[in-house]
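# Coordinate analysis (summary)
Okay, here's what each chain looks like letter by letter:
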Amino acid sequence: MVARLVALLAFAACAREQAAPSAGTGSATNTRREDYVGPEACGECHAEQYAAWANSLHRVMNARTSEPGAVIGDFATTLEYAGGRATFAREGGGYVMTLAKAGRRVRYRVTRTIGRRGLQEYVGIADGSGDEVRLPFGWWPRGGGWFPQPYFDPWLGDETGFDAYAEVTEPWAERCP
């Protein structure tokens with residue numbers, strides 16, 4: 001069992017998009033993108049471990065929104081929440097999340113997903129910014145749609161002063177679940 005876990009983690013490290021942050025995300029790395037051979041190359045010698053990883057949720061845990069089938073949320077809807085409005089839309093072949101309340105408005109270009117089956121959260125870049133941040137609404141299939149983070153992140157209850165409409169500035173990996 002331990003050997004299988006180590007193998008799965010090794011394949012996750014080989015994954016091209018999971019392994020190293022892309023340029024311009026504000027994340028520091030000492031690894032160059034071209035140093036990663038990708039999971040398929042690892043699978044050439046480690047077929048059994050590759051198959052286990054490829055059929056696991058780890059393969060889709062963190063995907064670029066440009067990957068076919070990566071996004072499961074309904075990006076053709078609007079949600080009224082806490083006196084504000086969250087709009088989820090397709091735009092120019094991509095995905096956007098626009099949050100507006102009391103004259104404030106922030107628009108995020110959605111760049112990647114976190115999770116898949118039980119909950120899918122999103123990472124994006126606010127207009128005028130270059131840093132990827134974890135967005136305050138997630139698609140929760142079991143809950144029946146879009147929900148703000150306090151619904152699925154218990155540490156973000158009402159006592160934290162969570163504001164779904166405030167611009168997120170903390171890099172996404174700092175808030176990674």
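A word on the layout of surface pockets. Here the second largest pocket is characterised by a volume of approximately 160 Å³. Put simply, the parts of the chain that give the lining of the second largest pocket at least two residues each are strand S3 (84-91), strand S4 (94-101) and strand S5 (104-114). The residue makeup of the lining of the second largest pocket, split by class, is three nonpolar, five polar and five charged.

So, about the confidence of the model for the chain. Looking at the chain, the pLDDT average stands at 79 and 73% of residues meet or exceed 70. Contacts for the low-pLDDT stretch residues 5-27, under 50 throughout, to residues beyond four places or in other chains number 48 contacts.

Membership of the largest hydrophobic core comes to 20 residues, with the highest contact counts inside it found for Phe-75, Met-97, Leu-99, Tyr-108, Tyr-122, Phe-137 and Trp-146. Only S3, S4, S5, strand S6 (121-126) and strand S8 (137-140) provide two or more residues apiece to this core. Look past the residues within four positions of Met-97 in its chain and what remains in contact with it is Thr-87, Phe-88, Val-106, Arg-107, Tyr-108, Val-110, Leu-135, Phe-137 and Trp-146.

Among the secondary structure elements, Gly-93 is positioned in the loop between S3 and S4. C-alpha of Gly-93 to C-alpha of Ser-66: the two residues are 27 residues apart in sequence and 8.6 Å apart in space.

Rules used throughout
Residues numbered from 1 in each chain as written. Predicted model: local features only at pLDDT ≥ 70, side-chain atom pairs only at ≥ 80, totals over all residues. Heavy atoms only, no water. 1 Å grid on protein atoms, 1.4 Å probe; cavity = no way out; pocket = protein on both sides within 12 Å on 5 of 7 lines; lining within 4 Å. Points joined across faces, edges and corners; volume = space filled by probe spheres on them. Helix = DSSP H or I, 4+ residues; strand = E, 2+ residues; numbered from the N terminus. Nonpolar A, V, L, I, M, F, W, Y, C, P; charged D, E, K, R; others polar. pLDDT = per-residue confidence, 0-100. Contact = heavy atoms within 4.5 Å. Core = buried A, V, L, I, M, F, W, Y, C linked by side-chain atoms within 4.5 Å. Buried < 20%, exposed > 50% of the residue type's maximum accessible area, 1.4 Å probe, protein only.

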